[in-house]
Amino acid sequence: MGSNVEPLTDPVAEGRRIAEAAAEREVTLRVLGGVAVAMLCPSSRRPPLAREYADIDLATTASAKDEVSGLLESLGYRGDKEFNTLHGHRRLYFWDEVAQRQVDVFVDEANLCHRIALRRRLESVPLTLSLADLTVLKLQVVETNEKDFLDICALFADHDLTPNDSGVNSAYVADLTASDWGLWRTLSMVSERSEQFALELPGFEAAELVAERLRLLRSEMEAAPKSRGWKLRARIGDRKRWYELPEEVR
Amino acid sequence: MNVYARKATGLVREVSPFSTFVFNMAGQPTSVLLATSVFLALALFPGGSIWLGFAMALGVALVISVCYGLFTSAIPRSGGDYVLVGRVTHPVIGLVSSFFWTSGVILSIAFIALAFVTVGLGPSLTALGLVSGHESLVTAGNDLATSEGWQFGIGTALILGSAALLAGGWRWTTRIMNGFWLLMMLGLATVFLVLLFKSHAGFVHSFNQFAGSVTGEKDTYSSIVASAHKEGIDTDPAFSMHNTWPTWALICSLTLFAWLSIYISGEVRRARDTTQIKVMAAASTVHIAIAFVLATLFFSTFGHDFFVAINGLSESESYPFAAPPFYTFLTSIAGGSTLLSWWLLITFAAAFPLLMIPNITIAVRTLFAWALDGLLPARFAQVSSRTHAPHYAIGLTVILSVAVLGWAVTNGEGFFSVLVEAVLVQLIAMILIGVSAALLPYRRPEAWRASATTRRLFGVPVISIAGVLLAVLLAAVFYVYMLYEGLNIDRGHFFRDVAILFVASLLTFFAARAARLRQGVDVDKLASEIPPE
């Protein structure tokens, strides 16, 4: 399938264009990462939380990945043939020659510092992953960079904790961490760091609100009843590394 | 507060650094080469220093690790020399290199399958029968080692089993490969412990007691040394640098291929940083360390003169046993236990499937990379939707390997005359990788800037220095192989076969390019791309 439309320069507008094109063609595809945060959080477009977006991250299911490849090629992207052949069951790469920008497509799961299953969560909300999934994906990054912290601040500045996917679904996050000690450990650690980041960020008016919501999320995670596996792993604690460190591939 | 500088989303690839280390060690299993290759030098090249040979081989291996590790960090793609050489120089040079390398690999696969029976199972069963006094095992070992039917049947089963494992995907492949590696290492550890606690006098006593039942002599130990002297084998020669060069070349077989993970670097974790350099260097260092420690023990426990003598006599009529003088056989005698002999048989045999896995993987990954670039039909680049393994490429590798195994079994002389050339043909490909690495910063500066280091020494990029140094060192190994008759290279035969491979690779490239051009595909462009991963 040849390209008939060139990607847009603004990554957020381009992320929306891709998601809408997928919805129009009934292809299961959602935006995640910083671009999704920008689509859902108005404060991410204003200082002090505004930032640049280097790439676009998407998620799909294994059964839809061929349709996604066709869609992205029709939208002006070129697939990385070798990578997509060898790794296409869990990740796809596409490249925008004009903007020199990459599109990463996660298939069924995000295998980063932790393995986060996405397949059953993809259709929770339209166009993007749910706020809870975006939160988990940001908080599971062990080597958190400034952009991650800014995105976490935007998520918690604009959205309250809720028991469903209308806001940040804290019940879902607590449930995920109740069966996975490593994920609980990282989310707790990074949410503490994010709280500190928010409080130290110059000119950030919603800092206290963000800190309060992050504390509340941690207390819900703490309160959730834990699985036997969680308790066994907790005995080993930090003595054994509990996360992967994804490599930079660019 | 600690804020990291990560730029992109990141990726966790499938093959861990530990499995990569095992993969690199598996390319030349220590246990097999210690039995079949390293100590042959003692009698073949008297006065050659194996200690100096170990040090020199490690030196070459470390330069290989730096050069290939840095190179693959710049282009972490599957396909090995084909991709690295072709992307930096020209696709046709990449294919020529790849033809040389892959022909050697296919010959090696057939050889490993054959050696599994003739070097692994057969002699080990015979040794077990001799040590335990079970004549039926001696007969079974001899039957296995000499029967064409068993050689072809078991060899084919090993090829098919390894291919089936690869077809099952990385998860099981790495688990089972690591399991075989562990078995091999446990076997070597057992040899170490048995010999550590066995005195020289104790071994001489055990050996004479065991051998007496075969030779009818009271002191077979001394008579073996005497027989060697009669055959002209000098068991205590003066140091000779002249004979250290071919000793080095033989010992290089232990370390020359500890870099095979470049063929799977698209799937190796942390391929962009210095991990590949570290795992390659670690694999070579572990090989040499084991060889060094065990050689010291072999000389002290078995006795230097005896060990030289028995290795030198192994092919002669004066050699009294049905099993070859592998260290496993001698250690079984030292231990004097049937259980120990069984254990050493199992752990020694485990090294053959271990060796088979990287060899089949390399061939498969190369065919896969050719197909991705349009040099083979596209189906060879297809992967299974369930296991994500390139099943057509695996199938083609099996067909080629089993065909060569059939030739090896039915025409052993012809096969072995070509097999000895394999290492030389592969050296040519390795030299081409070194030259391409040296050219990387000048031909593909954008890829070089993405590599693990852009450091310079005296204004020259480190990778260029490593590439040139490596090409020179490998050319020296090549020269030694050509120069010393004891290494069994027929120069006329070799140059004829190189010419055949060269012409075949050119024909393949230009035929594929013409066919693709008719389909509107530019192979030159396709096979030059380095996707902006």
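All values reported here derive from a predicted model rather than from experimental measurement.

What counts, and where the lines are drawn
Residues numbered from 1 in each chain as written. Chains lettered and ligands numbered in written order. Predicted model: local features only at pLDDT ≥ 70, side-chain atom pairs only at ≥ 80, totals over all residues. Helix = DSSP H or I, 4+ residues; strand = E, 2+ residues; numbered from the N terminus. Buried ≥ 20, exposed ≤ 12 C-beta atoms within 10 Å, placed from the backbone. Contact = placed C-beta atoms within 7 Å. Rg over C-alpha atoms; globule rule 2.2 N^0.38 Å. Domains from an automatic or database assignment. Nonpolar A, V, L, I, M, F, W, Y, C, P; charged D, E, K, R; others polar. pLDDT = per-residue confidence, 0-100. Pairing = 2+ DSSP bridges. Core = buried A, V, L, I, M, F, W, Y, C linked by C-beta atoms within 7 Å. Axes fitted to C-alpha atoms, helices over the stretch in contact; angles between N-to-C directions. Parallel < 35°, antiparallel > 145°, perpendicular 65-115°, else oblique. Left-handed = near helix turned anticlockwise from the far one by under 90°. Expected span 1.5 Å × (residues − 1).

A. Just the overall build of chain A, in detail. Broken down by element type, chain A carries ten helices and nine strands. Along the first, second and third principal axes, the C-alpha atoms of chain A reach 55 × 40 × 30 Å. Within chain A, the fraction of its 250 residues that count as buried is 48%. Once local pairs closer than 6 in sequence are excluded, the contacts in chain A between residues at least 24 apart make up 67%.

B. Main features of the overall build of chain B. The secondary structure content of chain B amounts to 23 helices and two strands. Its C-alpha atoms give chain B a radius of gyration of 24 Å, near enough to 24 Å, the size a compact globule of 533 residues would have. In terms of principal-axis extent, the alpha carbons of chain B reach across some 80 × 60 × 50 Å. Sequence-distant contacts in chain B: of pairs separated by 6 or more residues, those separated by 24 or more amount to 82%.

C. Region of interest: the domain arrangement of chain A. Residue and element names in this part refer to chain A. Partitioning chain A into domains gives domain 1 (1-129) and domain 2 (131-236). Just the C-alpha atoms count here: the centres of domain 1 and domain 2 sit 23 Å apart. Contacts between the two partners involve 23 residues from domain 1, matched on the other side by 24 residues from domain 2. Each residue belonging to the side of domain 1 that touches domain 2 can be placed in one class, and the counts come to 16 nonpolar, five polar and two charged.

D. Examining the confidence of the model for chain B more closely. Confidence along chain B averages 92 in pLDDT terms, with 98% of residues attaining 70 or more. Reported confidence for the predicted complex is 0.72 by ipTM and 0.87 by pTM.

E. Representation of the pairing of strand 2 (residues 56-60) of chain A. Residues and elements named next belong to chain A. Burial runs high along strand 2: five of the five residues are buried. Both faces of strand 2 are covered, namely the face carrying Ile56, Leu58 and Thr60 and the face carrying Asp57 and Ala59. With four bridges joining them, strand 1 (residues 29-32) and strand 2 adopt antiparallel strand pairing. Paired with Leu29 across the two strands is Thr60, which belongs to strand 2. Here five bridges tie strand 2 to strand 5 (residues 101-107), and the two strands are oriented parallel to one another. Considered in strand 5, the bridge of Leu58 is made with Val105.

F. Highlighting helix 5 (residues 131-139) of chain A. The element helix 5 of chain A is largely enclosed, with a buried count of nine among its nine residues. Of all the positions in helix 5 of chain A, only Leu131, Ala132, Asp133, Leu134, Thr135, Val136, Leu137, Lys138 and Leu139 of chain A are classed as buried.

G. How the structure looks around the sheet that holds strand 3 (residues 78-79) of chain A. Residues and elements named next belong to chain A. One open sheet accounts for five strands, arranged 1-2-5-4-3; its pairing is mixed. The open sheet is flanked by strand 1 and strand 3, the only strands paired with a single partner. Direction of pairing for strand 3 relative to strand 4 (residues 91-96): antiparallel, over a ladder of two bridges. Considered in strand 4, the bridge of Arg78 is made with Trp95.

H. Molecular detail of the nonpolar core. If you look at the biggest cluster of nonpolar residues, it comprises 199 residues, and the most contacted ones within it are Ala57, Cys67 and Leu354 of chain B. Among the elements that take part in this core, helix 6 (residues 91-132) of chain B stands out by supplying 24 residues, more than any other. Ignoring anything within four residues of it in the chain, the contact list for Ala57 of chain B reads Trp248, Ile251, Cys252, Leu254, Thr255 and Ile288 of chain B. Core analysis: the second largest hydrophobic core is formed by 72 residues, Cys41, Ala132, Phe149 and Met221 of chain A among them.

I. Here's a closer look at the packing of helix 19 (residues 412-443) of chain B against helix 22 (residues 491-518) of chain B. Residues and elements named next belong to chain B. The contact between helix 19 and helix 22 brings their axes to 10 Å, and the two run at 65 degrees. When the axis of helix 19 is compared with that of helix 22, the two are roughly perpendicular. As for the relative orientation of helix 19 and helix 22, their crossing is right-handed in sense. Mapping the contact onto sequence places Ser417, Val418, Glu421, Leu424 and Val425 in helix 19 and His493, Phe494, Asp497, Val498 and Leu501 in helix 22. Considered class by class, the residues forming the contact of helix 19 with helix 22 number six nonpolar, two polar and two charged.

J. Up close: unusual backbone geometry. Residue Pro48 of chain A is bonded to the preceding Pro47 of chain A through a cis peptide linkage, with omega at 5 degrees. Structurally, Pro48 of chain A can be placed in the loop between helix 2 (33-40) and strand 2. The phi dihedral of Gln100 of chain A falls on the positive side, at around 50 degrees, and the residue is not glycine. By the element assignment, Gln100 of chain A lies in the loop between strand 4 and strand 5. In this model, Asn488 of chain B sits at a positive phi of 65 degrees, which is unusual for a non-glycine residue. By secondary structure assignment, the location of Asn488 of chain B is in the loop between helix 21 (462-483) and helix 22. By the C-beta count within 10 Å, which is 13 here, Asn488 of chain B ends up partly exposed.

K. Quick look at the packing of helix 6 of chain B against helix 15 (residues 327-335) of chain B. Residues and elements named next belong to chain B. Between helix 6 and helix 15, the least distance of the axes is 10 Å, while the angle of their chain directions is 20 degrees. When the axes of helix 6 and helix 15 are compared, the pair comes out roughly parallel. In this structure, the crossing between helix 6 and helix 15 has a hand that is right-handed. Of helix 15, the residues touching helix 6 (which contributes Ser124, Ala127 and Val131) are Thr328, Phe329, Ser332 and Ile333. For the contact of helix 6 with helix 15, the residue count by class is four nonpolar, three polar and no charged.

L. Looking closely at the environment of Cys153 of chain A. Residue and element names in this part refer to chain A. Its location among the elements puts Cys153 in helix 6 (residues 146-158). By C-beta crowding, Cys153 is classed as buried, having 28 other C-beta atoms within 10 Å. Spatially, the C-alpha atom of Cys153 lies 7.5 Å from that of Leu49, the residues being 104 residues apart in sequence. If near-sequence neighbours (up to four positions away) are discounted, Cys153 is found in contact with Leu49, Ser194, Ala198, Leu201, Phe204 and Val210.

M. Region of interest: helix 8 (residues 181-200) of chain A. Residues and elements named next belong to chain A. Spanning 20 residues, helix 8 covers 29 Å between terminal C-alpha atoms, matching the ideal 28 Å at 1.5 Å per step. Among all positions in helix 8, only Trp181, Gly182, Leu183, Trp184, Thr186, Leu187, Val190, Ser191, Ser194, Glu195, Phe197 and Ala198 are buried. Where the residues of helix 8 are buried, they touch helix 5, helix 6, helix 7 (170-178), helix 9 (207-223) and helix 10 (228-236).

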